[in-house]
Amino acid sequence: MNRTRILLRKIAWSIFTILFVIVLNFFLFRVLPGDPARAGVRDPRLKKEAVEMLRVRFGLDKPVINCFDSLNPIEFGSCAVNPMETQFFIYVRNLVQGELGFSYHSNRPVAELLAQRLWNTVLLIGAGQILSIIFGMIFGILAAWKARTAIDYGAVMASLIAWSLPTFWLGIILLFWGSANGFPLAGKATPGASSLPLLQQWGDIARHMFLPTLTYTIVYMGEYTLIMRSSLIDVLSEDYILTAKAKGLSMFQILKDHALKNAMLPLVTVIAINLGFTVAGAIQIEAVFSWPGLGSAIFEAVGRRDFPVLQGAFLLIAVAVILANLVADLTYTYLDPRVQTE
Amino acid sequence: MKQKVLYVIVLVALVLSACGGGGGQAAVVRIGWAGSPDTLNPGMAILVEAYTIFEQVYDSMYELNLDGSFTLSLAESVDVSDDGIVYTFKIRDGVMWHDGQPLTAEDVAFSYNLYKDTPEYPYMNGYYTPYFDSIEATENNEVILTLTEAIPNIESQLVFLYVLPKHIWENEDKLEYENFEMIGSGPFKMAEYVQNEFVRLQANKEHFYTPPKVDEVIFQTFANQDALVQAIKTGQVDMITEMPNTAAAALDEDPNIELVVGAPLAPGVTDIIFNQMDPENCPVDEGGICSGHPALRDRDVRLAMSHATDKQRLIDLVLLGLGEPGLTLIPDGLGVWYNDSIEDFEYDVAKAKEILDNGGYADTNNDGVREMPDGSLPLSFRMNWPSDSINAPRMAELLSQMWGEIGIELELQAVDPDALTAQCCPAFDFDIIIWGWASDPDPSALLYVYTTESIPTGSSETGYSNPVYDELYAKQQVTLDFDARKDIVWEMQRIVHDDVVYIIPFYDANVQAFRTDRFTGWITNEAKVALEDVTSLVVIEPVK
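Now for a description of the structure that goes with this document. (Residues numbered from 1 in each chain as written. Chains lettered and ligands numbered in written order. Predicted model: local features only at pLDDT ≥ 70, side-chain atom pairs only at ≥ 80, totals over all residues. Heavy atoms only, no water.)

Applying the stated criterion to the full structure yields 39 aromatic pairs over all chains. For the pair B:Phe54 and B:Tyr162, a centre-to-centre distance of 5.5 Å together with 55° between the ring planes defines the contact as tilted. Residue B:Phe54 is found in helix α2 (residues 48-57), and its partner B:Tyr162 is found in the loop between α5 (154-158) and α6 (166-169); the two are separated by 108 residues along the sequence. Each member of the pair, B:Phe54 together with B:Tyr162, is buried. Here the aromatic rings of B:Tyr112 and B:Phe132 are separated by 6.1 Å at their centres, their planes lie at 50°, and the arrangement is tilted. One end of the pair, B:Tyr112, is in helix α3 (residues 105-116); the other, B:Phe132, is in strand β6 (residues 132-137), with 20 residues separating them in the sequence. Just as B:Tyr112 is buried, B:Phe132 falls in that class too. Feature note: the residues B:Tyr51, B:Phe54, B:Tyr58, B:Tyr127, B:Tyr128, B:Phe160 and B:Tyr162 constitute an aromatic cluster, connected by ring pairs. Stacked on the ring of B:Tyr448, the Lys or Arg A:Lys47 has its end atom at 4.3 Å from the ring centre. (Phe/Tyr/Trp six-rings, centres within 6.5 Å; stacked < 30°, edge-to-face > 60°. Helix = DSSP H or I, 4+ residues; strand = E, 2+ residues; numbered from the N terminus. Buried < 20%, exposed > 50% of the residue type's maximum accessible area, 1.4 Å probe, protein only. Lys NZ or Arg CZ within 6 Å of the ring centre and 35° of its normal.)

In structure tokens, the structure reads:
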């Protein structure tokens, strides 16, 4: 098979998966017990009529799908409902029109709310990923190159510790350390900083990003170092590396021209998987440093049964995971020509 | 060489600009809190954080003081007709909106009509405006509010009805308007708002009544309470409105930090709920399941459990001492409405056992758990609590121990709060729940949850039904004489206490802290602790 056909097949599968997610997304949250019109409000001032009005406003008074008032099997509704007026149809129709709906809780369009949160998450996770990939690769290569020396043992030990540290705990430790050294403890920017010149605004955001990014980098760097190291040691034991050595190439040349490209495959897989999932936000890091990202948005929305936000966020994550996998597949075909013929 | 010079110039410029505009330092109060407003649309808002911001940015007809009393705010005088139906408010002259337009009676009438005519606003029709008949503005800047019947608590009906600028709101969708610019008339104006990050308010030094002495107030959201404590310790914020009780002692030792402990501004109460719903009267149409344990419908069982509850121990171990023993659902923070004359059932395990023995609840099979008089069911109750509660797990463990001593067994289980709402009311699919209520300055809201009328609405958590109580509830709603109404409210609390409808374990104290090296003049000696309240924020000033 040639590259184009592989590409087309992968894309077709991705689209199919996204469609599946769209349907699943809708039903998944509606089987949760609880009533979105009452969630998050426990107050004797909230009268029955008010709850009823909220239900109408959210469209929850309409049947979920034809014949079912809800997904609770003991609450079968009448079957004579126009399918165009069911919650499911309205959801799909809105989605087709690019509408993610209106958040039940924060009285804002979901798309706007998620865009803001997504941007914050991408900023934090993006920086963390790039740093951890760079340092992870450097340390992994160093460790493999100097295998079975003090450098190797040190790198492996440090990586194992970093990888197994509970993220939350590491975050708290860095929070205490950072606050004593003047780093901000919460948020993405200092209130009022938006009136400063652009350069200072960026500096302010960078200062806010420092601690969460550091936490993220430490945790993921350990994982990448270990994978890079073991994969490279494998490759370095291959016959063709011996041949290269016999030809008198320097270690640097061997790494650069012969070993690295092959050793990258497992790392690419892990990075792709991590990237996809971390769009969901490193929830723990966001919680420790009060970072207003996607992870905390989802956490809040679950507690309030904010269906539109949940549907939108899960769709976003699903698309991100699928895209990351697609990119990983395509990178594979570039890195390993054997994939094309399979 | 040229490049180098340019580089130096840029660098110097950067350093200079970083030093700021010079001149006097603006007095900025930074407040750390754990929440963020849900919306800035006053009709749609539910969270208390939203109301805290409204309080700063908007004015209403009355101001609620920290001692629980009300004073006129936007109106300079009020005239009430003899039958108590028609209220004529004379609006102050010269009040200005933040955008420079004058605030008139027109705006007030517009706002009240907006609240009244929008049933989608969750609290309005049902609770704050049901007695509104008509609202009109007159030419001499008066608002005439006509009620459908005379009510005693007009102040508490009006206090959360924030007055909005007609010239802005009449052009907006009243449901979907996000109101980010938030033009108000209050002592602070909206400068910048990023949901879940911060709210930045600027002082309105021209305010007619209470111009602030500081220049800016920032409310910064912290998702993590440890960070909140760390932030005040390191001086990143000047005041925090909440903290884990475990941090109180450490903060108290800091010479630059002062702790304030007392009743919270928003009256709240923790309660132990017994499902007393008789399956015969189960509200099946509303989704009622009514699976409660029959023993809990017996007052003797509830009374025995009450005698076996060591409230002081709960306060010491759960709240670390930061609370007062509870008595009725009306918390002590509601001031005069709280009936402190009721004598609580004393902690007496022997007496509890005796009550159960006399009721015929004996441990017939010697497994340590008593059975129903007919021997059918053991006194083994499901106990649930919302999984996001910090205090409840510990409370549940302690109660399991305390009630275990009198032969009552508990199955402990935390439940997702929303699932618990579905399980609770009006489904009545539980035995015992540890939960709480938040409420209003007026006692009506909390008293309502005991009424028969509230059973199908989901507000009644117990299924308690008592015609005498129902009658008194209706009566207090229309009793105009303050003392007479207070007596009825006290009597109602006595009835439900005697019937042991709930056990109220304690009233949690609010703990707030502020830095003494930054601002002075915080209001700390009132009945309620609320440093973030506008009454405190307008009087504080920077330490010289």
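Okay, the packing of helix α4 (residues 110-145) of chain A against helix α12 (residues 307-335) of chain A next. All names here are of chain A. Running from N to C, α4 and α12 cross one another at 50°; their axes reach a closest spacing of 10 Å. In this view, α4 runs oblique relative to α12, as classed from their interaxial angle. The way α4 lies across α12 gives a crossing that is right-handed. Touching Val110, Leu113, Leu114 and Leu118 of α4 are Pro308, Val309, Gly312, Ala313 and Leu316, all from α12. Grouping the amino acids of the contact of α4 with α12 by side-chain chemistry returns eight nonpolar, one polar and no charged. (Axes fitted to C-alpha atoms, helices over the stretch in contact; angles between N-to-C directions. Parallel < 35°, antiparallel > 145°, perpendicular 65-115°, else oblique. Left-handed = near helix turned anticlockwise from the far one by under 90°. Contact = heavy atoms within 4.5 Å. Nonpolar A, V, L, I, M, F, W, Y, C, P; charged D, E, K, R; others polar.)

The next thing to look at is the side chain of B:Thr421. Residue placement: B:Thr421 occurs in helix α13 (residues 417-424). Ignoring anything within four residues of it in the chain, the contact list for B:Thr421 reads A:Arg38 and B:Trp435.

All names here are of chain B. Evaluation of the coordinates by the stated rule reveals two disulfides over all chains. A disulfide bridge connects Cys424 with Cys425, and the sulfur atoms are separated by 1.9 Å. Judged by the torsion about the S-S bond (45°), the Cys424/Cys425 disulfide is right-handed. A relative accessible area of 8% means that Cys425 is categorised as buried. Among the cysteines of chain B that take part in disulfides, numbered as they appear in the sequence, the pairing is 1-2, 3-4. (Disulfide = S-S within 2.5 Å.)

A separate point is the environment of B:Gly323. Residues and elements named next belong to chain B. Turning to its location among the elements, Gly323 is positioned in strand β14 (residues 323-325). Through-space distance from the C-alpha of Gly323 to that of Ala509 is 4.7 Å; in sequence the pair is 186 residues apart. The contact partners of Gly323, leaving out residues within four places of it in the chain, are Ile315, Tyr507, Asp508 and Ala509.

A word on the interface of chain A and chain B. Contacts between chain A and chain B engage 54 residues on the former and 60 residues on the latter. When chain A packs against chain B, close to 4,800 Å² is buried across both sides, 55% of that on carbon and sulfur atoms. The largest contributions to the chain A side of the interface with chain B come from A:Arg42, A:Pro44 and A:Arg45, which together make up 19% of the buried area. On inspection of chain A and its partner chain B, the count reaches five salt bridges. A salt bridge links A:Arg305 to B:Asp418; the shortest N-O distance between them is 3.0 Å. (Buried area = accessible area lost by both parts, 1.4 Å probe. Salt bridge = Lys/Arg side-chain N within 4 Å of Asp/Glu carboxyl O.)

Our next topic: the side chain of B:His307. Residues and elements named next belong to chain B. Inspection of the secondary structure puts His307 in helix α9 (residues 299-307). Judged by its relative accessible area of 3%, His307 falls in the buried class. Within the structure, His307 has its side chain in polar contact with the backbone oxygen of Glu346 (distance 2.7 Å). When sequence neighbours within four positions are dropped, the list of residues in contact with His307 reads Phe345, Glu346, Tyr347, Asp348, Val349, Lys351, Ala352 and Ile355. (Polar contact = N/O pair within 3.5 Å; in protein donor to acceptor, adjacent residues only side chain to side chain.)

Residues and elements named next belong to chain B. Within strand β9 (residues 198-203), five of the six residues are buried, which leaves the element mostly enclosed by the surrounding structure. The sheet contact formed by strand β8 (residues 188-194) and β9 spans six bridges and is antiparallel. In the sheet register, Lys189 faces β9, and the bridge partner there is Gln202. Between the end of β8 and the start of β9, which pair antiparallel, lie three residues, with Asn196 showing a positive phi angle near 65°. Direction of pairing for β9 relative to strand β10 (residues 216-221): antiparallel, over a ladder of five bridges. Note that in β10 the partner of Phe198 across the bridge is Gln220. (Pairing = 2+ DSSP bridges.)

What follows deals with the pattern of salt bridges. Residue and element names in this part refer to chain B. In this structure the tally under the stated criterion is 28 salt bridges over all chains. Between Arg382 and Asp429 there is a salt bridge whose closest N-O contact spans 3.7 Å. With Arg382 in strand β15 (residues 380-386) and Asp429 in the loop between α13 and β17 (432-438), the pair connects residues that are 47 residues apart, well separated along the chain. As a salt-bridge pair, Arg485 and Asp442 come within 2.9 Å of each other at their nearest N and O atoms.

Here we come to empty space enclosed by the protein. On inspection of all chains with the given rule, the structure shows five cavities of 30 Å³ or more. Size it by volume and the largest cavity reaches roughly 190 Å³. Taken together, 16 residues make up the lining of the largest cavity; nearest its centre are A:Val41, A:Phe58, A:Tyr104, A:His105 and B:Ile46. Its residues placed into classes, the lining of the largest cavity shows 10 nonpolar, four polar and two charged. Of the voids in this model, the second largest cavity is the one considered here, and its volume is about 110 Å³. Lining of the second largest cavity is provided by 16 residues; of these, B:Leu327, B:His497, B:Tyr502, B:Ile503 and B:Ile504 occupy positions nearest its centre. Of all the secondary structure elements, the ones that give two or more residues to the lining of the second largest cavity are α16 (482-498) and β18 (502-503) of chain B. If one sorts the elements of the lining of the second largest cavity by residue count, α16(B) sits on top with three residues. Residues belonging to the lining of the second largest cavity are distributed by class as follows: 10 nonpolar, four polar and two charged. (1 Å grid on protein atoms, 1.4 Å probe; cavity = no way out; pocket = protein on both sides within 12 Å on 5 of 7 lines; lining within 4 Å. Points joined across faces, edges and corners; volume = space filled by probe spheres on them.)

Look at the link from B:Cys425 to B:Pro426: it is a cis peptide, with omega at 0°. Examined against the element boundaries, B:Pro426 turns out to sit in the loop between α13 and β17. In this structure, A:Arg148 is a non-glycine residue whose phi angle is positive, near 60°. Structurally, A:Arg148 is set in the loop between α4 and α5 (150-164).

Once that is clear, we can look at the environment of A:Gly182. Residues and elements named next belong to chain A. Mapped onto the elements, Gly182 comes out in the loop between α6 (167-180) and α7 (198-236). Classification of Gly182 as partly exposed rests on a relative accessible area of 41%. Separated by 25 residues in sequence, Gly182 and Arg207 place their C-alpha atoms 9.5 Å apart.

Turning our attention to a negative patch on the surface. Residue and element names in this part refer to chain B. Negative charge collects at one region of the surface, where Glu172, Asp173, Glu176 and Glu181 lie side by side. Among the structural elements, Asp173 can be located in the loop between α6 and β8. By relative accessible area, which is 42% here, Asp173 ends up partly exposed. (Patch = residues over 30% accessible without salt bridge, like charges linked within 9 Å, V, L, I, M, F, W, Y side chains within 5 Å. Areas by Shrake-Rupley, 256 points an atom, 1.4 Å probe, with all protein chains shown as cover. Lys, Arg positive; Asp, Glu negative; His and termini not counted. Charge placed at Lys NZ, Arg CZ, Asp CG, Glu CD.)

All names here are of chain B. Pairing of strand β12 (residues 257-264) with strand β20 (residues 510-515), which is carried by six bridges, proceeds in the antiparallel orientation. Following the sheet pairing, Val261 is matched in β20 by Val511. Pairing analysis gives two bridges linking β12 to strand β22 (residues 528-529), with the strands arranged parallel. Each residue of the ladder has a partner; that of Ala263, found in β22, is Lys528.

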